[in-house]
Amino acid sequence: MKALEGQVITMAAGTAQEWRSTRERDGAVPGQDDVARLLERAAAGEQAAWNEIVDRYTNLLWSVGRAHRLDTAAINDIVQTTWLRLLESLGRIREPERLAGWLATTARRECLAVLRHGRREDAGWSDDDFAELPDEKAPALDLSLLTDERDSVLWSCFVKLSAQCQKLLRVLMAVDPQSYAEVSAGMGMPIGSIGPTRMRCIGVLRKLVGDSGYPFDAASQGGRT
Amino acid sequence: MNASTSLPADDADLMALLGGIALALDPPPANSYDIGYGLFSLYRMEDELAALVADSLTSAGAVRASTTDVRMLSFESSELTVEVQSSRIGDRIAILGQVFETEPSQSAPTESVVRVVYLETQDGIQASVVVDAGGRFEFDDVPAGLVRFRVASDETSGVATAWTQL
């Protein structure tokens, strides 16, 4: 746990570097400038701007809580506390383009405090993600809510991933690709393993999909992994 | 290509597809957005923030501290430091606190400043007390949940601590 905390604390420089390289590769990122504008407007007291921030990022905060296997009441507290931390910091956010990473970092810290208070341990991140068994403790979700059989099959494959892969992908699926690096770092992942781990997890998922027997379009299963 | 059996070749598109499924299966509770909007009413630009600088719950001694249900918190702004001891009995909390200047001034005697501490929850101000000559204050029977302390005096603008889940 101590090593994990160290990673959280020291992540800032590495995250920025990875974030910059992501940005350079992808070119200009649409929508980032208006995050800065939204934060400015909210800092000036505009409720509508704040509401838009809440609309955009509530699902990310929820996903961070779910990735830590917390229940609804605990996650509600974490979401609230994270928003309050942002309110306390409004007007002092130096890198508004990294808001998603900041929110993930803050929510994760609150998750760890809840886990510690309940004397539960966070599994952290190991290099050997793939030796791990699927996440048996993950809440069972009602797949009948999905109308598309493809989605049911895909989710059934997702829950067969290792706990670590599910934890990472559960959060990344709630953000835009340009935030992957900063959000992964915010989740306490060692900087060097962010990209490779993500790609390996998605690779395993694609393999599970391929092995599922469901007739997915063969041409689209190879993917960029 | 049969649309219902296609799988995005691009990883980002696959993640977006999974994101849509997660949102359908396990979305944030409907009221969590309204709660988020409502928190903006707590935003006050004029307050100076006293940030949480120490918390026994998250420090190295956390395990031992949590077994006694006594928690020590320290908040600091450039102007004031607020130290709080919270003792939990069931779902009620007793607070003992002390306010002092972060950097005591040489010129003005601090005894002359009358300070009031307000206990706030998300529902607003719950209680207030005048701090004693030693800067101490006390609140009994505080409900568990999010709280913060605001310190106000005649001479200074308000200082509010970070919101904390007690």
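Residues numbered from 1 in each chain as written. Chains lettered and ligands numbered in written order. Predicted model: local features only at pLDDT ≥ 70, side-chain atom pairs only at ≥ 80, totals over all residues. Heavy atoms only, no water.

Draft legend 1. Summary view of the packing of aromatic side chains. Counted by the stated rule, this structure contains seven aromatic pairs over all chains. Arranged with centres 5.4 Å apart and planes meeting at 25°, the rings of phenylalanine 40 of chain B and tyrosine 43 of chain B form a pair that is stacked. With respect to class, phenylalanine 40 of chain B is no different from tyrosine 43 of chain B; both count as buried. Here phenylalanine 137 of chain B and phenylalanine 149 of chain B contribute two aromatic rings whose centre-to-centre distance is 5.9 Å and whose plane-to-plane angle is 55°, an arrangement assigned as tilted. Separated by 12 residues along the polypeptide, phenylalanine 137 of chain B in strand 7 (residues 136-143) and phenylalanine 149 of chain B in strand 8 (residues 146-153) bring together distant segments of the chain. As far as burial versus exposure is concerned, phenylalanine 137 of chain B and phenylalanine 149 of chain B are alike and both buried. Aromatic ring contacts, followed pair by pair, group Trp50 and Trp83 of chain A together with Phe40 and Tyr43 of chain B into a single cluster. (Phe/Tyr/Trp six-rings, centres within 6.5 Å; stacked < 30°, edge-to-face > 60°. Buried < 20%, exposed > 50% of the residue type's maximum accessible area, 1.4 Å probe, protein only. Helix = DSSP H or I, 4+ residues; strand = E, 2+ residues; numbered from the N terminus.)

Draft legend 2. Spatial organisation of the pairing of strand 5 (residues 115-121) of chain B. Residue and element names in this part refer to chain B. Of all the seven residues making up strand 5, six are buried; the element is thus mostly covered by neighbouring parts of the structure. One ladder, built from six bridges, connects strand 5 with strand 8; its direction is antiparallel. Counterpart to glutamate 120 in the pairing with strand 8 is arginine 148. As paired elements, strand 5 and strand 6 (residues 124-130) share six bridges and run antiparallel to each other. Each bridged residue has a counterpart across the sheet, and for valine 117 the counterpart in strand 6 is valine 129. Connecting the antiparallel pair strand 5 and strand 6 is a turn made up of two residues. (Pairing = 2+ DSSP bridges.)

Draft legend 3. Spotlight on the packing of helix 8 (residues 163-172) of chain A against helix 10 (residues 194-211) of chain A. Residues and elements named next belong to chain A. Orientation of helix 8 relative to helix 10, taken along the N-to-C sense of each, is 100°, at an axis distance of 10 Å. By the angle between their directions, the pair helix 8 and helix 10 is classed as roughly perpendicular. Contacts between helix 8 and helix 10 pair Cys165, Leu168, Leu169 and Leu172 from the former with Thr197, Arg198, Cys201 and Ile202 from the latter. Its residues placed into classes, the contact of helix 8 with helix 10 shows six nonpolar, one polar and one charged. (Axes fitted to C-alpha atoms, helices over the stretch in contact; angles between N-to-C directions. Parallel < 35°, antiparallel > 145°, perpendicular 65-115°, else oblique. Contact = heavy atoms within 4.5 Å. Nonpolar A, V, L, I, M, F, W, Y, C, P; charged D, E, K, R; others polar.)

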